[in-house]
Each structure stands twice: as C-alpha cells, then as structure tokens.
Amino acid sequence: MSYRINGPCRSLRRFALAASLFLAASGAQAQLVGHGGIVNGVAVSPDGHRALSASWDYTVRLWDLDAQKELRVLNGHRANVNAVRFMPDGRTGLSASWDGTIKVWDLATGKELRSLTGHAANVSSIAVTRDGRLVASGSWDRSVRLWDIAAARELKVLSGHKANVMAVAFTPDGGTLVSAGYDLAIKLWNVETGAEIATLTGHENSVNGIAVSPDGTRLLSASTDRTIRLWDIAARRELRVMQGHSAFVTSVAFSPDGSLAASGGGDGVVRLWDVATGAPVRSLRGHNRPVWSVAFTPDGRRLLSAGYDELVRVWDVASGAELTH
C-alpha cells in the first residue's frame, strides 16, 4: 500500500540525509537506517547476504545484511518506490514505482540498465520467475503485465481486476501467476496463455499482499479485513483464517521450508504463525508505526521488516529478538 508524496526529489533527498543523521544520533535500534521516507518494500538476495529496500524518498537502497550497512543508493525513479526484487543471479535488481515504471539495476555499479514502461498508473508490485525469464507487475491501472526481462518487452496484459492491483506472485514452476487487489479478489492466471484460471474469494476488504509456498501448493493472503488466509491452490479453496492483527494487514511471507508465515500490518507488529495449525508463534515488536513489508532470509533464520517509521529491522526468527550488528 502506498500514497504519493509530492515535492521535488532534491528536497526529499535532503530530508533523507537529515532523517538518517537524526536516527543515528538517537540510537535507533533499527539496523538499516538511511531512508528519509516510508519504506514500502524489502527483499533479500538469493545468497542471503544483501537486501534491497524501496522507499517514499524515491530511492532504492542496497544493503550489506551481515554488516548492516548501506552499500549503494539507486537513483532514477521520479516518485515513491513501492517494491523491490532480486533477480535469481543476485547481480541484478528490480524496482517498481508510482512513476509507472519498473527499473532494472546493475547492483555492482548502481547503474540503471533499462526501464519497463506500459502501465498507466502506480506500479504497486513485482514478481520474478525462478529462472529469471519473466517478470510480472501489478498496477493501480487495474492490469497485471508480463514482461520478457532480457528483451525489456511487454508480453501480455492480463485484465480482470475491477480495482487497483496490489500484489503479484508466481508459483515456483512459473506456470501460474497469482494477483490480488482492492476488488477483494485473488486471481490465478495461466502464464503461457494469459487466461484467467480461477478467482478466490473470502476476504471482506482489499487484499494487500500475497505469497506462494515454496512447494507451490498453498497461498497466503493479507487483507485490510485484519486477517491472513491460507489457500489450497490446486483445490482453489480456503484452508484457514489467521487472526491476531488489530489493524489492516499489508504483507505476508512463507519461511523457506514453508512451516512458518510472517505478517506485518497497521498495528506495527510483525507476527509469526504456524502454517500447519494457523496458531500464532510470536509477536515481534519494535516498529512504532505500520509495517509494509516482510521477507525471510533464504536460510530461514532471519526476518526483515520494513515500515512507516522509515526503518528496516532484522529479527532472529527462533527467539524473536531484534538483531543488532
């Protein structure tokens, strides 16, 4: 979820620097400090050593996750950045923005390699197939688009949502794409043909985040109705409802082994859940404002959360403790 901040980019960057100095001086417990605006998205590299973050300050930042230090600031977007992803090679990054573009970055140099254009409104979400061939994007223009990333070419426009699209995710085999949005609908699409396969319904308000399990059999969805729902993808049915957040839920993630789910939301709490039972495991408290994004490291030992407080926090999954370098 995101809302546009108006004003010149230069002013925002000055604000980012001031905010960074203030947080450092105040002894903030967050590890990844530097953004001068809400952090909308966070992603972890395939090797687990780096992270990307997306912010309302118009920047993407690359972090050394082990040393908890900023490596590079990626400048190029002309509006809030909503989502980030690593390509499977770990050397390339993607970002999606309110400016209607998806940008491809060389992470070694920070250079923008290309910009994918076609959406007519805010691009809220992006996903990448495991082989790195295809990228999907969801937008407030109500469309989902498929891209050939190497050719920087739009392949298909998937139309069917009746409101803003907030989240997209591929199944591990790359054959199915899942999308969800403000119309309360979760849609399944055939990637090869672009045909809509099914629509999952049950949420009572907008669906803000989705995640597909590592084995491709289940789906998590996060909603403004304050619930997380678990779905059987093949049977296209709801398995359970997980309740505990006291405000809208923005984001969900599966642990790499599929046994845990993480969620973040408007109550500022990051919650861990037992996927098999739906029972809460623990609550991670540190953010004092809404949490917009959560992501596990590939080994499942750490969890990253990003939020309205302009910070990215790193948590020990086993203990629930916030990690500091």
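Residues numbered from 1 in each chain as written. Predicted model: local features only at pLDDT ≥ 70, side-chain atom pairs only at ≥ 80, totals over all residues. Heavy atoms only, no water.

J.: What exactly am I supposed to notice about the sheet that holds strand 2 (residues 50-55) here?
T.: Strand pairs in the sheet, formed through backbone hydrogen bonds, run parallel or antiparallel to each other. On the basis of which strands lie adjacent, the open sheet formed by four strands has the order 1-2-3-4 and antiparallel pairing. Every interior strand has two partners, whereas the edge strands, strand 1 (39-44) and strand 4 (69-74), have only one. Shown here is a sheet whose adjacent strand axes are inclined to one another by a mean of 25°, direction ignored. Note that strand 1 and strand 2 share five bridges and pair antiparallel. Note on strand 2: the bridge partner recorded for Ala 43 is Leu 52. (Pairing = 2+ DSSP bridges. Helix = DSSP H or I, 4+ residues; strand = E, 2+ residues; numbered from the N terminus. Axes fitted to C-alpha atoms, helices over the stretch in contact; angles between N-to-C directions.)

J.: What is the right way to read the side chain of Asp 183 from this model?
T.: Relative to the helices and strands, Asp 183 resides in the loop between strand 14 (176-181) and strand 15 (186-190). Buried and without a salt bridge, Asp 183 has Lys 187 as its closest oppositely charged side chain, separated by 5.5 Å. A distance of 3.1 Å separates the side chain of Asp 183 from the backbone nitrogen of Ala 185, its partner in a polar contact. Setting aside residues no more than four positions away along its own chain, Asp 183 makes contact with His 161, Lys 162 and Ala 163. (Buried < 20%, exposed > 50% of the residue type's maximum accessible area, 1.4 Å probe, protein only. Lys, Arg positive; Asp, Glu negative; His and termini not counted. Salt bridge = Lys/Arg side-chain N within 4 Å of Asp/Glu carboxyl O. Polar contact = N/O pair within 3.5 Å; in protein donor to acceptor, adjacent residues only side chain to side chain. Contact = heavy atoms within 4.5 Å.)

J.: Would you mind showing me how to read the packing of aromatic side chains here?
T.: Counting across every chain of the model gives five aromatic pairs. Seen in terms of ring centroids, Phe 248 and Trp 292 are 6.1 Å apart; in terms of plane orientation they differ by 20°. Their pairing is stacked. Linking Phe 248 in the loop between strand 20 (237-243) and strand 21 (249-254) with Trp 292 in strand 25 (residues 291-296), this pair joins segments that are 44 residues apart in sequence. Note on Trp 292 and Tyr 308: the rings are 6.2 Å apart at their centroids and 40° apart in plane angle, and the pair reads as tilted. (Phe/Tyr/Trp six-rings, centres within 6.5 Å; stacked < 30°, edge-to-face > 60°.)

J.: Whenever I open this one, the sheet that holds strand 15 confuses me. Can you help?
T.: Spatially, the four strands line up as an open sheet ordered 13-14-15-16, and their pairing is antiparallel. Both outer strands of the open sheet, strand 13 (165-170) and strand 16 (196-200), are each paired with one neighbouring strand and no more. In this sheet, neighbouring strand axes are inclined to one another by 20° on average, regardless of whether the strands run parallel or antiparallel. Relative to strand 16, strand 15 is paired through four bridges, and the arrangement is antiparallel. Considered in strand 16, the bridge of Leu 188 is made with Ala 198.

J.: How should the nonpolar core be read in this particular structure?
T.: A general tendency of soluble globular proteins is for nonpolar side chains to be buried together. The biggest cluster of nonpolar side chains holds 14 residues, and the ones touching the most others in it are Val 178, Ile 186, Ile 210, Val 212 and Leu 219. Counting residues per element, this core draws most heavily on strand 17 (residues 207-212), at three residues. Setting aside residues up to four positions removed in sequence, Leu 219 forms contacts with Val 178, Ile 186, Leu 200, Ile 210, Ala 211, Val 212, Arg 229, Leu 230, Trp 231, Ile 233 and Phe 254. In this structure, Met 87, Val 104, Leu 116 and Val 128 belong to the second largest nonpolar core, which totals 13 residues. (Core = buried A, V, L, I, M, F, W, Y, C linked by side-chain atoms within 4.5 Å.)

J.: Explain the environment of Asp 57 here, please?
T.: As for its placement among the helices and strands, Asp 57 is situated in the loop between strand 2 and strand 3 (60-64). For the pair formed by Asp 57 and Val 81, sequence separation is 24 residues and the distance between their alpha carbons is 7.7 Å.

J.: Sorry, what's going on with the side chain of Ser 137 here?
T.: With respect to the secondary-structure elements, Ser 137 resides in strand 10 (residues 134-139). Owing to a relative accessible area of 0%, Ser 137 belongs among the buried residues under this scheme. At 2.9 Å, the side chain of Ser 137 and the side chain of Trp 147 are in polar contact. Residues in contact with Ser 137, not counting those within four places in the same chain, are Ile 102, His 119, Val 123, Ser 125, Ile 126, Ser 143, Val 144, Arg 145, Trp 147 and Val 168.

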